[in-house]
Amino acid sequence: MTRPDTTTKHATDVSAMFDEVSPKYDLLNDVLSVGNSRLWRLATTRAIAPRKGMRILDIAAGTGTSSAALAAHGAHVTAADFSEGMLAEGRRRHAGNDLIDFVWADATQLPFEDDSFDAATISYGLRNVSEPKRALAEMARVVKPGGRVVVAEFSRPTSDAVNWAYTKYNRHVLPRVAGVINRDAAEAYKYLNESIESWPAQAELAAWLREAGLERVAYRNLTLGIVALHRGFVPRAKPQPVAEAARPADETKPATKKPAAKKPAAAKKPAAQKPATESKPAAAKKPTAKKPAAAKKPAAAKKPAASADTAAKSAEQQKQPKQQPKGATPKTETNERGTE
Ligand SMILES: C[S@@+](CC[C@H](N)C(=O)[O-])C[C@H]1O[C@@H](n2cnc3c(N)ncnc32)[C@H](O)[C@@H]1O
């Protein structure tokens, strides 16, 4: 079993690890989260507020469980991931669901035009991305002005006692239980634990969303902060992300211009990382098209998977970043429901 290095999170290692756990990924999730993953999923879906006709990008969609929860509300979902194993499992499970398109994509180089989606979301994926800030900037880029970006991710429990027990569980129980369900998965779950421990707490992730140019950033803790739901909105007048704004004037690009780094993942992907398969959707190969992959109907999927959720709530106010996008609210809002 591949166990990625937590400091580098090299794309080939992370995608290989998910390829290997893909057949039992959802079962493992349910067991290891003691059913809470379904409750977290419900809260995430509510935060995205999917509606019929909306186009939503679900990046790091894995087997499409998160996408199916959105499609169940009538939204067209582009389920993007860079693990062929997870995508294959998703296509198999959701075969026939015309509202979900599975597309190969790297979160750091999305193969979509600017302003392609009404909303973008990532559940339990951002932590695995080698350059998470870049992935957030990409999400902000492909979402239309006024649209929302929602991130569900493991976070920092709000109480020391819960944090202590949770850390022990993740370090000692989780890899063993995972190993019983899938003998090869123990190593993967050791990596997952390490990645959770090294992931920033709620306030820092909120600051990253602002850095990506999102406004009205807020978060909500679920199950005492074991998971946090962050959301932000793309400003009506899109600002430049902080990283770009900080460049010398002659290097700064207009916000509407697609940067070179945002070239389609498919075009840049090393051959070893992603073998060509027949199931690769046309959308990933036609990056210049304006419409999101969802409109292009790849080998699609069916059946919305169930998801439910609950969550303890706790929100905190955040400070504004130094470079606040024009028109953004002066301080972070908190919203108990995580939605607007
Ligand atoms: C823990 S799974 C989450 C799947 C799904 N969102 C869910 O909620 O069940 C994480 C997924 O992130 C994907 N992933 C990690 N880094 C990625 C990247 N840079 N680009 C695209 N997908 C990525 C992995 O392949 C994996 O399928």
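All of these numbers come straight from a predicted model, not from anything done at the bench.

1. Examining the UniProt feature "binding site: S-adenosyl-L-methionine" (unreviewed entry) in the chain
Consideration 1: In the numbering used here, UniProt assigns the "binding site: S-adenosyl-L-methionine" (unreviewed entry) feature to Thr63, Asp81, Asp106, Ala107 and Ser123.
Consideration 2: Here Asp106 shows up in the loop between strand E3 (100–104) and strand E4 (117–123).
Consideration 3: Note on Asp106: 26 C-beta atoms within 10 Å, which makes it buried.
Consideration 4: Looking at the secondary structure, you find Ala107 in the loop between E3 and E4.
Consideration 5: Setting aside anything within four residues of it in sequence, one finds Ala107 in contact with Ile59, Ala60, Gly125, Val129, Ala135 and Glu138.

2. With respect to the packing of helix H6 (residues 132–142) against helix H9 (residues 202–211)
Consideration 1: One way to put it is that H6 packs onto H9 with a least axis distance of 9 Å and a crossing angle of 50°. Regarding the angle of H6 to H9, the classification is oblique. Judged by the twist between their axes, the crossing of H6 over H9 is right-handed. For the pair H6 and H9, contact is made by Pro132, Lys133 and Leu136 and by Trp208, Leu209 and Glu211, respectively.
Consideration 2: For the contact of H6 with H9, a count of residues per class yields four nonpolar, no polar and two charged.

3. Comments concerning the nonpolar core
Consideration 1: Ile59, Ala120, Met139, Ala140, Val143 and Val149 are the most contacted members of the largest nonpolar core, which totals 82 residues.
Consideration 2: Setting aside residues up to four positions removed in sequence, Val149 forms contacts with Ala120, Met139, Ala140, Val143, Leu214, Arg231, Gly232 and Val234.

Rules used throughout
Residues numbered from 1 in each chain as written. Predicted model: local features only at pLDDT ≥ 70, side-chain atom pairs only at ≥ 80, totals over all residues. UniProt positions renumbered as here; feature names shortened; annotations may be inferred. Helix = DSSP H or I, 4+ residues; strand = E, 2+ residues; numbered from the N terminus. Buried ≥ 20, exposed ≤ 12 C-beta atoms within 10 Å, placed from the backbone. Contact = placed C-beta atoms within 7 Å. Axes fitted to C-alpha atoms, helices over the stretch in contact; angles between N-to-C directions. Parallel < 35°, antiparallel > 145°, perpendicular 65-115°, else oblique. Left-handed = near helix turned anticlockwise from the far one by under 90°. Nonpolar A, V, L, I, M, F, W, Y, C, P; charged D, E, K, R; others polar. Core = buried A, V, L, I, M, F, W, Y, C linked by C-beta atoms within 7 Å.

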